[in-house]
Amino acid sequence: MPLEDGDPARWRGQQVNGEVGGTPHSRGTGDPPPRGTPAPDGSRTAAMAEDWEPGPALGDGDVTPGGVLQRAGQEPGRREEALMAELSELVQKVVKSSSWWERHGVDISILACSFLLLPAGFLCLRSAQAIPFLAGVLTLGVVHHTLTVKGSHLASHNALTESKSWGKVWAVFFIELCSAFTAEQATYNHVKIHHGYTNVIGLGDSSTWKLPFLNRYVYMFIAPLAVPIITPLVALDLLRNVEWKAALRTLCCMFLGLYCHYWLLLNVSGFQSPWSALLCMLLTRSLLAHPYIHVNIFQHIGLPMFAADRKPKRIHLMSLGVLNLPRNALLDWSFGHSLISCHVEHHLFPSLSDNMCLKIKPVVSQYLKQKKLPYNEDTYASRLRLFLQRYEELMVHAPPITELVGIQ
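Residues numbered from 1 in each chain as written. Predicted model: local features only at pLDDT ≥ 70, side-chain atom pairs only at ≥ 80, totals over all residues. Heavy atoms only, no water.

The chain appears in an unreviewed UniProt entry as FADS6 desaturase from Phaetusa simplex.

Dropping the structure here:
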């Protein structure tokens, strides 16, 4: 969000009309740190955030962080840590007062319902009539994205269960079997890098989503159709970075998941040729690929970006560099609240489930408003227009580094 003239915090680079812009771009400077590298700001608050973190949600409208940044400049580092600790305490009270159903049960039920819808989806595809057939495509497409996006995302953060052992099992199931990706690399790149270094150039700046050689219309509307094909190919390339046992397990899970889908289309849905079954697989697996790509770029790219050695403390990093989209019934179900309307909350407290992110949103929102911290929100249509208009700036050119005077 742009700051008014005279504020002690000044942007150097793009300003998005009181909003934040988020688009993926190729890695800037530096390579990802080796495994085992701790998240930035190795303070007690940062450690708490990585292991258990609820996220901040601000109220309606944009709030300039000028006042807080100015006070932060007077007490470098200490005020930011105090703010994060205070917010964490407020959120922890909400979490402790919540039942298991609220913490995990709601989201597990959504995933379970998705599994129960699978037979209906495959059987609908047997129909020669258009409406039942399309209903089957829609059902399988929504179920696929619920399992692969919502399920994989929650599993990568161990938000489905409080047992770390079961968390690893669910991560393998949702990420490898359902999504045809590698669990170790997905968890490392998303949890350790993207969350640990959100909007830090060359690390967690969402650059893996950027394909600067594509023009805006191809990237926004055509390229997403290739996501089901690109995903396993990228996974195979990443297997070079994992142990051979994990690589063998990933290969087996990926093959089993893809083959089961193919076999069910032939033997339950009644497809007569392999090519028609493969085409249907591509159709259902890319049904919500467009919003999947869009959401990933809308919520970070175009927002403030920081150098690794010049970045604000955690609470400012997340409030400045993350954006929430409005609630949407289809995307809330398929992707989860933490990826749509509670993304700020999720980045502050990533191990909370989707339902808990939604529950703590009023608490976090009120707190950030009181402390005059920014809370970025924008509509899906507005972000789409922004990226089409400023595609070259946001997705092709290297992002400018934001300079926050007085916060360090």
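So, on to the overall build of the chain. A count of helical and extended segments in the chain gives 18 helices and two strands. Looking at the chain as a whole, 54% of its 408 residues qualify as buried. In the chain, the proportion of contacts linking residues at least 24 apart, taken out of those at least 6 apart, comes to 79%. When the accessible area of the chain is evaluated, it comes to approximately 17,800 Å², of which 62% is carbon and sulfur surface. (Helix = DSSP H or I, 4+ residues; strand = E, 2+ residues; numbered from the N terminus. Buried < 20%, exposed > 50% of the residue type's maximum accessible area, 1.4 Å probe, protein only. Contact = heavy atoms within 4.5 Å. Areas by Shrake-Rupley, 256 points an atom, 1.4 Å probe, with all protein chains shown as cover.)

It is worth spelling out unusual backbone geometry at this point. Residue Ala180 is not a glycine yet carries a positive backbone phi of 60°. Tracing the sequence through the fold places Ala180 in the loop between α6 (164-178) and α7 (183-195). You can call Ala180 buried: its relative accessible area is 3%. Unusually for a residue other than glycine, Ser206 sits at a positive phi of about 60°. As for its position among the elements, Ser206 is in the loop between α7 and α8 (216-222).

This paragraph deals with helix α12 (residues 289-298). Extensive coverage of α12 is indicated by the burial of eight of its 10 residues. Every buried residue of α12 is accounted for by Ala289, His290, Pro291, Ile293, His294, Val295, Ile297 and Phe298.

Note on placement: Pro326 falls in the loop between β1 (323-324) and α14 (329-334). Residue Pro326 is classed as partly exposed on the basis of its relative accessible area, which comes to 41%. Considering only alpha carbons, one finds Pro326 and Ser341, 15 residues apart in sequence, at a separation of 5.2 Å. Not counting chain neighbours up to four residues away, the residues in contact with Pro326 comprise Ile340, Ser341, Asp378, Thr379 and Tyr380.

Once that is clear, we can look at the UniProt feature "transmembrane region" (unreviewed entry) in the chain. Per the UniProt record, "transmembrane region" (unreviewed entry) is found at residues 217-239 and 246-264. Secondary structure content for residues 217-239 is 78% helix and 0% strand, while the C-alpha to C-alpha distance between its ends is 32 Å. In the segment residues 246-264, helix accounts for 100% and strand for 0%; the C-alpha atoms at its two ends are 27 Å apart. (UniProt positions renumbered as here; feature names shortened; annotations may be inferred.)

Packing of helix α4 (residues 100-124) against helix α16 (residues 354-370) brings their axes to within 7 Å, and their N-to-C directions diverge by 130°. When the axis of α4 is compared with that of α16, the two are oblique. On α16, the residues that touch Glu102, Arg103, Val106 and Asp107 of α4 are Asp354, Asn355, Met356 and Lys359. Of the residues in the contact of α4 with α16, the class split is two nonpolar, one polar and five charged. (Axes fitted to C-alpha atoms, helices over the stretch in contact; angles between N-to-C directions. Parallel < 35°, antiparallel > 145°, perpendicular 65-115°, else oblique. Nonpolar A, V, L, I, M, F, W, Y, C, P; charged D, E, K, R; others polar.)

Right, let's get into the side chain of Asp332. The residue Asp332 is located in helix α14 in this model. At 3.3 Å, the side chain of Asp332 forms a polar contact with the side chain of Arg327. Not counting chain neighbours up to four residues away, the residues in contact with Asp332 comprise Arg327, His337, Ile340 and Ser341. (Polar contact = N/O pair within 3.5 Å; in protein donor to acceptor, adjacent residues only side chain to side chain.)

To continue, consider a nonpolar patch on the surface. A surface patch of nonpolar side chains, about 500 Å² in accessible area, is lined by Ile229, Ile230, Leu233, Val234, Leu236 and Leu251. The element contributing the most residues to the nonpolar patch is helix α9 (residues 227-238), with five residues. Looking at the element boundaries, Leu251 is found in helix α10 (residues 244-267). (Patch = residues over 30% accessible without salt bridge, like charges linked within 9 Å, V, L, I, M, F, W, Y side chains within 5 Å. Salt bridge = Lys/Arg side-chain N within 4 Å of Asp/Glu carboxyl O.)

Bringing the packing of aromatic side chains into the picture now. One pass over the structure, following the stated rule, counts 13 aromatic pairs. Taken together, a centroid distance of 5.7 Å and an interplanar angle of 10° make the contact between Phe255 and Tyr259 stacked. Taken together, the residues Phe255 and Tyr259, both in helix α10 and four residues apart, mark about one turn of the helix. Judged by relative accessible area, which is 56%, Phe255 ranks as exposed. Here the aromatic rings of Phe298 and Tyr380 are separated by 5.2 Å at their centres, their planes lie at 75°, and the arrangement is edge-to-face. (Phe/Tyr/Trp six-rings, centres within 6.5 Å; stacked < 30°, edge-to-face > 60°.)

This next bit is on the nonpolar core. Counting residues in hydrophobic clusters, the biggest one holds 25 residues, and the most contacted among them are Leu87, Val91, Ile315, Leu348, Phe349, Leu352 and Ile360. Sorting the residues of this core by element identifies α3 (78-96), α13 (314-321), α15 (343-348) and α16 as the ones contributing at least two each. Counting residues in hydrophobic clusters, the runner-up holds 18 residues, among them Val143, Phe174, Phe181 and Leu238. (Core = buried A, V, L, I, M, F, W, Y, C linked by side-chain atoms within 4.5 Å.)

As a further point, take the packing of α6 against α10. Contact geometry for α6 and α10: axes closest at 7 Å, N-to-C directions at 65°. Listed contacts from α10 to Val172, Glu176 and Leu177 of α6 are Arg249, Thr250, Cys253, Met254, Leu256 and Gly257. Class assignment of the residues belonging to the contact of α6 with α10 gives a composition of five nonpolar, two polar and two charged.

A word on the pattern of salt bridges. Should the charged atoms of two oppositely charged side chains come close, the side chains can pair. Evaluated as defined, the whole model comprises 11 salt bridges. Its salt-bridge partner being Asp378, residue Arg383 comes within 3.5 Å of it at the nearest N-O pair. Accessibility classification places Arg383 together with Asp378 in one group, the buried group. Here the residues in one salt-bridge network are Asp107, Lys150 and Asp354, joined through shared partners.

Each disulfide consists of a covalent bond between the sulfur atoms of two cysteine residues. Evaluation of the coordinates by the stated rule reveals zero disulfides. With no disulfide of its own, Cys178 lies closest to Cys253 among cysteine sulfurs, the gap being 9.7 Å. (Disulfide = S-S within 2.5 Å.)

Relative to the elements of secondary structure, His290 occurs in helix α12. If we ignore the near neighbours within four places in the chain, the residues touching His290 are Met220, Phe221, Ile222, Pro224, Leu225 and Tyr380.

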